[in-house]
Amino acid sequence: MSHRKRSTALAPVLALASALAGPAVLLAAPAAHAAVVDVAYACVTPIGDKSAVSPIDIKAVKEGAGYKLTMSFQKGVSSSPVELGKGAMSPSAVIQVGGAEKATVAVTGPPNPEAVPANTPIKITDLSGTYTPKKSGKVTFTAGVLTIKALGTTTTCTPGNGPGPSLELDVTGSGGAPEAPGAPEAPAPEALPQTGPTDSALALGTLGATVLLTGAAGVLWLTRRGGRARS
């Protein structure tokens, strides 16, 4: 009987512990999902069209208000008919952002660290760039156009198989705080008399007229005085 009582008494405690464990499991769920995606590139090269498939991996690391994206190629996607010396090839690409917001992120990488033999798939170095979300929610990152510049030529490789996203991530956008109400505008000062060239001319004209009138009055006064003296 006492064993049954203890079991009955422990039941609410176990139920409470189970209820508390539920949210804890949800909180521990990952906020990102990554997958290596095969991307079939159709490349337009100086020596004709080429095609190749490379698994693409995209990773994100939080940096301040944004994320540093790194795009990795596990296989080469193009080749050169001549040897490419060390540092002769410069890669860049675009990552398409979808989901909560639509955007593109430009990613670049260092030149080839070693010489690439002729007719050998070119290994693309890791490409990186910064993504700063403006909206909050789940966003996806998908491989876009790849550009390879080497020996004064440009090769453009476009994904032709509509690849799925290599990374899904929950982000918090910068948004933008509403503008604070501005201080009331100060009343406009009373208009002051203009002192431009036109007003200066008017002032000089008025002064000239005053001098002229004064001079005329003086002549008239002298004339009258002289007349009195002669009479």
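Basis of the calculations
Residues numbered from 1 in each chain as written. Predicted model: local features only at pLDDT ≥ 70, side-chain atom pairs only at ≥ 80, totals over all residues. Heavy atoms only, no water. Helix = DSSP H or I, 4+ residues; strand = E, 2+ residues; numbered from the N terminus. Buried < 20%, exposed > 50% of the residue type's maximum accessible area, 1.4 Å probe, protein only. Contact = heavy atoms within 4.5 Å. Areas by Shrake-Rupley, 256 points an atom, 1.4 Å probe, with all protein chains shown as cover. Salt bridge = Lys/Arg side-chain N within 4 Å of Asp/Glu carboxyl O. Core = buried A, V, L, I, M, F, W, Y, C linked by side-chain atoms within 4.5 Å.

Draft legend 1. The overall build of the chain, seen in detail. Check the secondary structure of the chain and you find 2 helices and 10 strands. When the helices and strands of the chain are placed in sequence order, the string is α-β-β-β-β-β-β-β-β-β-β-α. Of all 231 residues assigned to the chain, the portion counted as buried reaches 25%. Of the contacts formed within the chain by residues at least 6 apart in sequence, a portion of 68% connects residues at least 24 apart. Total accessible area on the chain stands at roughly 15,200 Å², and carbon and sulfur atoms take up 62% of it.

Draft legend 2. Structural view of the pattern of salt bridges. With the rule as written, the count across this model stands at 2 salt bridges. In this structure, Lys 59 engages Asp 57 in a salt bridge whose closest nitrogen and oxygen atoms are separated by 2.3 Å. Given the relative accessible area of 9%, Asp 57 is considered buried.

Draft legend 3. Molecular detail of the environment of Asp 38. With respect to the helices and strands, Asp 38 occurs in strand E2 (residues 37–45). For the pair Asp 38 and Pro 159, spaced 121 residues apart in sequence, the C-alpha to C-alpha distance is 9.8 Å. The contact partners of Asp 38, leaving out residues within four places of it in the chain, are Val 53, Ser 54, Pro 55, Asn 161 and Pro 163.

Draft legend 4. Highlighting the nonpolar core. Counting residues in hydrophobic clusters, the biggest one holds 33 residues, and the most contacted among them are Tyr 41, Met 71, Phe 141 and Leu 146. Residue contributions to this core peak at 6 residues, all from strand E8 (residues 137–150). Apart from residues no more than four positions distant in its own chain, Met 71 is found in contact with Tyr 41, Ile 56, Asp 57, Ile 58, Ala 93, Ile 95, Val 107, Asp 126, Leu 127 and Ala 143.

Draft legend 5. Representation of the environment of Thr 104 within the structure. Relative to the helices and strands, Thr 104 is located in strand E6 (residues 103–108). With relative accessibility at 53%, the residue Thr 104 sits in the exposed group. A C-alpha to C-alpha distance of 8.8 Å links Thr 104 and Gly 144, two positions 40 residues apart in sequence. Apart from residues no more than four positions distant in its own chain, Thr 104 is found in contact with Val 94, Ile 95 and Gln 96.

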